[in-house]
Amino acid sequence: MESNPPPPVSTAVDPTAPIVCRVTSWYFRRMGMLAGLFFVFGCVFLYDGIWGYPKSVGLARKKEWFEKDFLATFDKAKAEGRLDQWIAEAKAQGMPAGIDGEPPKWVSYAAQNGWEESPKLYSDREIAEQFWFGYGCLAGSVIVGIVLLLNRGKTLRAEADHWVTPEGGQIRFVDVFRIDKRKWEHKGLAYAWHRASGAEKRAVIDDLKFGGADKVLERILSRFNGELIEKIDPPPPAEEASAPASE
């Protein structure tokens, strides 16, 4: 006795099966890089506020003293005929003494000590701004980190007659009256306007953030009867009519 063959397995996709879209690794990498950049910039700003700018201010004031006060003692000693004594005292103090009776130069003195040739004299406000920017960037890093943690368990879910936003809101397909797909091709973004409790609201469908969001959009469009806004490429420029051949 021959047994009946098993029924064929259907490979068709169930249009009512739930579609669950989770946050993509690309989104986590991008947000992680953003948090890292905020953190690095914050550290750089704080470094300048604590060490970098004050050091530059100290050198700028030292250069000002060198060019105004120290070189003035050189000129005075030379005018009074005691340049040799001045040179000996300068060398004893570890200061430059010049060459062949010429006054010492700040450039040589700075190079000898590994200092900047033209240090900037920052104002108190400019120094304070480094702390503002630094703490602001660090705060931005913390905020992005919190956003990352809050998005770890979020999903975009589509059911047979509605979809659930990442924030947990349920939107029925029949309540959607307008869909904007103009940013879908390049940015993976679509906007769906729907009516809820007498008010018009907008929901975002982000295909870059939620993997498989395109399937959710396809299901919405398959049950959608309203205004669809799509990007329309401009028509190619009309070709110029060729000029008649001259006789």
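Here the structure is shown first, and the text comes after it.
Residues numbered from 1 in each chain as written. Predicted model: local features only at pLDDT ≥ 70, side-chain atom pairs only at ≥ 80, totals over all residues. Heavy atoms only, no water.

**Observations concerning the overall build of the protein chain**
Turning to step 1, where the next piece is worked out: Assigned secondary structure in the protein chain consists of six helices and eight strands.
Turning to step 2, where the next piece is worked out: Mapped in sequence order, the helices and strands of the protein chain form the string β-α-α-α-α-β-β-β-β-α-β-β-α-β.
Turning to step 3, where the next piece is worked out: When the 247 residues of the protein chain are sorted by exposure, 31% land in the buried category.
Turning to step 4, where the next piece is worked out: Counting every atom, the protein chain has about 17,200 Å² of accessible surface; 56% of that belongs to carbon and sulfur. (Helix = DSSP H or I, 4+ residues; strand = E, 2+ residues; numbered from the N terminus. Buried < 20%, exposed > 50% of the residue type's maximum accessible area, 1.4 Å probe, protein only. Areas by Shrake-Rupley, 256 points an atom, 1.4 Å probe, with all protein chains shown as cover.)

**Concerning the sheet that holds strand 7 (residues 199–206)**
In any sheet, the strands associate via hydrogen bonds between backbone groups, in a parallel or an antiparallel arrangement.
Turning to step 1, where the next piece is worked out: Reading across the sheet, the four strands line up as 7-6-5-8 and stay open at both edges, with mixed pairing between neighbours. In this open sheet, the two edge strands, each paired with only one partner strand, are strand 7 and strand 8 (227–229). Between one strand axis and the next, the sheet turns through 20 degrees on average, direction left out of account.
Turning to step 2, where the next piece is worked out: As defined by bridge partners, strand 5 (residues 176–180) adjoins strand 8 across three bridges and the pair is classed as parallel. Looking at strand 8, one finds that Asp180 is bridged to Ile229.
Turning to step 3, where the next piece is worked out: The sheet strands contacting helix 6 (residues 213–222) are strand 5, strand 6 (189–196), strand 7 and strand 8, and the helix crosses strand 7 at an angle near 140 degrees. (Pairing = 2+ DSSP bridges. Axes fitted to C-alpha atoms, helices over the stretch in contact; angles between N-to-C directions. Contact = heavy atoms within 4.5 Å.)

**Digging into the pattern of salt bridges**
Turning to step 1, where the next piece is worked out: This model, assessed by the stated rule, comprises nine salt bridges.
Turning to step 2, where the next piece is worked out: The salt bridge involving Arg82 is made with Glu80; its shortest N-O contact spans 2.6 Å.
Turning to step 3, where the next piece is worked out: Residue classification places Arg82 among the partly exposed residues on the basis of a relative accessible area of 29%.
Turning to step 4, where the next piece is worked out: With a relative accessible area of 47%, Glu80 lands in the partly exposed category.
Turning to step 5, where the next piece is worked out: Asp180 is paired through a salt bridge with Arg182; the nearest N and O atoms lie 2.8 Å apart.
Turning to step 6, where the next piece is worked out: For Asp180, a relative accessible area of 7% puts it in the buried group.
Turning to step 7, where the next piece is worked out: Since its relative accessible area comes to 45%, Arg182 is described here as partly exposed. (Salt bridge = Lys/Arg side-chain N within 4 Å of Asp/Glu carboxyl O.)

**Some points on the nonpolar core**
Turning to step 1, where the next piece is worked out: By size, the foremost hydrophobic cluster in this structure holds 26 residues, and its most contacted members are Leu156, Trp163, Val176, Ile179, Ile205, Val216 and Ile220.
Turning to step 2, where the next piece is worked out: For this core, the element with the highest residue contribution is helix 6, accounting for four residues.
Turning to step 3, where the next piece is worked out: In this view, Leu156 contacts Ile19, Val20, Cys21, Trp163, Val164, Thr165, Pro166, Ile205, Phe210, Ala213 and Val216; residues no more than four positions away in its chain are not counted. (Core = buried A, V, L, I, M, F, W, Y, C linked by side-chain atoms within 4.5 Å.)

**Overview of the environment of Asp206**
Turning to step 1, where the next piece is worked out: Tracing the backbone shows Asp206 in strand 7.
Turning to step 2, where the next piece is worked out: Separated by 183 residues in the primary sequence, Asp206 and Val23 have C-alpha atoms spaced 9.9 Å apart.
Turning to step 3, where the next piece is worked out: In this structure the side chain of Asp206 is engaged in a polar contact, spanning 3.2 Å, whose partner is the backbone nitrogen of Lys209. (Polar contact = N/O pair within 3.5 Å; in protein donor to acceptor, adjacent residues only side chain to side chain.)

**A look at the pairing of strand 6**
Turning to step 1, where the next piece is worked out: When you tally the buried positions in strand 6, you get six out of eight residues, the bulk of the element.
Turning to step 2, where the next piece is worked out: Here strand 5 runs beside strand 6; their pairing, made up of four bridges, is antiparallel. Bridge pairing links Asp180 to Tyr191 in strand 6.
Turning to step 3, where the next piece is worked out: In this sheet, strand 7 lies alongside strand 6 in antiparallel orientation, the contact comprising eight bridges. Note that in strand 7 the partner of Arg195 across the bridge is Glu200.
Turning to step 4, where the next piece is worked out: From the end of strand 6 to the start of strand 7, which pair antiparallel, there are two residues, and Ser197 there has a positive phi angle of about 55 degrees.

**Remarks on the packing of aromatic side chains**
Turning to step 1, where the next piece is worked out: Taken as a whole and assessed by the stated rule, the structure comprises 16 aromatic pairs.
Turning to step 2, where the next piece is worked out: Summarising the aromatic geometry, the rings of Phe70 and Trp86 are spaced 5.3 Å apart at their centres and angled 45 degrees between planes, so their arrangement reads as tilted. Separated by 16 residues along the polypeptide, Phe70 in helix 1 (residues 25–79) and Trp86 in helix 2 (residues 83–92) bring together distant segments of the chain.
Turning to step 3, where the next piece is worked out: The exposure class assigned to Phe70 is buried, which follows from its relative accessible area of 7%.
Turning to step 4, where the next piece is worked out: Under the relative-accessibility criterion, Trp86 is labelled buried at 6%.
Turning to step 5, where the next piece is worked out: The ring of Trp193 carries Arg178 above its face, with NZ or CZ at 5.3 Å from the centroid.
Turning to step 6, where the next piece is worked out: It is Arg195 that lies over the ring of Phe177; its NZ or CZ is 4.0 Å from the centre. (Phe/Tyr/Trp six-rings, centres within 6.5 Å; stacked < 30°, edge-to-face > 60°. Lys NZ or Arg CZ within 6 Å of the ring centre and 35° of its normal.)

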